[in-house]
Amino acid sequence: MSGLDGVVLHVHGPSTAADQLEAVKELYAEAFFPPPHNQGPVQLERMAESWPGRLTAPGFRLVVAEHEGKPIGCIYGHQLAVTTKWWQGAIDPISDEITREFEGRTLGVIDMMVRSEWRRHGVAQALHSHFLVDRSEERATLLVDPINTPARGAYSKWGYEVVGRIQPFPDMPKFEAMVKEL
Ligand SMILES: CC(C)(COP(=O)(O)OP(=O)(O)OC[C@H]1O[C@@H](n2cnc3c(N)ncnc32)[C@H](O)[C@@H]1OP(=O)(O)O)[C@@H](O)C(=O)NCCC(=O)NCCS
């Protein structure tokens, strides 16, 4: 395979994303079970349980990349609610200007993953571009484990900047919170 030849991107809103959970679960297990991610069936189940709630969040979008009808990667996210807990667990204080949410201000990138044999072909870049097409939000944000070199490299390349460090729960990594102005 070379580059993105034969790769088809599907952009889903909530109505068609409901049927994509099995594909997302399969991709998630392959991407996040191996080290350094340290996730497993419990986290997978949590992701699946939260899926219906995610679909009802404003601005939900899922982009799936397929090759020969088989999912090879995806990205999904939605707007942060005004009452979001996203910014809780900051290791050092993050300014109010950054953490203050108002309706429709921020697009949260929840997960992004590409099958191992398809990495470094530009699939994530294509997924991310389609994820951001024609958005109304002021900014996009995500959390990344700084030891995750591929993801960290991708986000920097795509214009995200570190605004602080967040550990949402004690058993989770100390993530970098990154923001990209849209
Ligand atoms: C992170 C991930 C989605 C990147 O997918 P990908 O399709 O390989 O990424 P792309 O080919 O579009 O690369 C985009 C950029 O990311 C960076 N990048 C990707 N892989 C990299 C690596 N192994 N080392 C360093 N930088 C890397 C580069 O800047 C790259 O641009 P370049 O190829 O022009 O140098 C993929 O590695 C993955 O699924 N990892 C496991 C799941 C994960 O960690 N998800 C993110 C959670 S926050």
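Look above for the structure.
Reference entry: report on the structure contained in this document. Once a new chain begins, its residue numbering starts again from 1 and follows that chain's sequence as written. This being a predicted model, a pLDDT of at least 70 is required before a residue's local features are given, and a value of 80 or more before pairs of side-chain atoms are given or counted; all residues contribute to the totals for chains, interfaces and linings. To get the side-chain values, take all heavy atoms of the structure and skip hydrogens and water.

### Some words on the overall build of the protein
Only runs of H or I of at least four residues qualify as helices and only runs of E of at least two qualify as strands under DSSP, and these elements are numbered from the N terminus. A count of helices and strands for the protein gives six helices and seven strands. The linear arrangement of helices and strands in the protein, starting from the amino end, is β-α-α-α-β-β-α-β-α-β-α-β-β. Computation of the radius of gyration draws on C-alpha atoms, with the globule rule given as 2.2 Å multiplied by the number of residues to the power 0.38. For the protein, whose C-alpha radius of gyration is 16 Å, the value lies close to the compact-globule estimate of 16 Å for 182 residues. Relative accessibility decides the category of a residue: with a 1.4 Å probe and only protein chains considered, values under 20% of the type maximum give buried, values over 50% give exposed, and everything between is partly exposed. Looking at the protein as a whole, 45% of its 182 residues are labelled buried. By definition, residues are in contact when any of their heavy atoms lie within 4.5 Å. Within the protein, contacts between residues separated by at least 24 positions form 68% of all contacts whose residues are at least 6 apart in sequence. Only the protein chains shown count as cover for residues, with accessible areas throughout obtained via the Shrake-Rupley method and a probe of 1.4 Å. As presented, the protein carries roughly 9700 Å² of accessible surface, and 52% of it is formed by carbon and sulfur atoms. A positive count includes Lys and Arg, and a negative count includes Asp and Glu. His and the chain ends are not counted in either. A single reference atom marks each charge: NZ on Lys, CZ on Arg, CG on Asp, CD on Glu. Taken together, the 18 basic and 24 acidic charged side chains of the protein have centroids lying 4 Å from each other.

### Topic: the environment of Pro 71
Residue placement: Pro 71 occurs in strand S3 (residues 70-79). In the structure, Pro 71 is positioned 43 residues away from Val 114 in sequence and 9.0 Å away in space, judged by C-alpha atoms.

### Examining the site of the ligand
Taken together, 22 residues form the shell around the ligand, and within it Met 112, Val 114, Arg 120, Asn 148 and Lys 157 come nearest. With respect to the ligand, the backbone of Met 112 contributes an N or O atom lying 2.7 Å from a nitrogen atom. Any pair of nitrogen or oxygen atoms within 3.5 Å is treated as a polar contact; in protein, a donor-acceptor pairing is required on top of that, and neighbouring residues in sequence qualify only through side-chain atoms on both sides. Arg 119 places a side-chain nitrogen or oxygen 3.4 Å from an oxygen atom of the ligand. Contact with the protein chains covers 79% of the free accessible surface of the ligand, which is 920 Å². Put simply, the parts of the chain that give the shell around the ligand at least two residues each are helix H2 (21-32), strand S4 (106-114), helix H5 (123-132) and helix H6 (149-157). With six residues, the top contributor of residues to the shell around the ligand is H6. The classification used treats Ala, Val, Leu, Ile, Met, Phe, Trp, Tyr, Cys and Pro as nonpolar, Asp, Glu, Lys and Arg as charged, and all other residues, Gly among them, as polar. Among the residues forming the shell around the ligand, the class breakdown is 13 nonpolar, six polar and three charged. Only a single heavy atom is needed: when it lies within 4 Å of a molecule or strand, its residue is near that molecule or strand.

### Section: the packing of H2 against helix H3 (residues 41-56)
Each axis is a line fitted through C-alpha atoms, taken for helices only over the stretch in contact, and angles between the N-to-C directions span 0 to 180 degrees. Direction vectors running N to C along H2 and H3 enclose 155°, while the axes themselves pass 10 Å from each other. By the angle class used here, H2 and H3 are roughly antiparallel. In terms of crossing hand, the pair formed by H2 and H3 is right-handed. From H2, Leu 21, Val 24, Lys 25, Tyr 28 and Ala 29 reach across to H3, where they touch Gln 43, Leu 44, Glu 45, Met 47, Ala 48 and Trp 51. Here the word oblique covers every angle except those under 35 degrees (roughly parallel), over 145 (roughly antiparallel) and from 65 to 115 (roughly perpendicular). Working rule for handedness: look at the near helix, and if it is turned counterclockwise from the far one by less than a right angle, call the crossing left-handed; if clockwise, right-handed.

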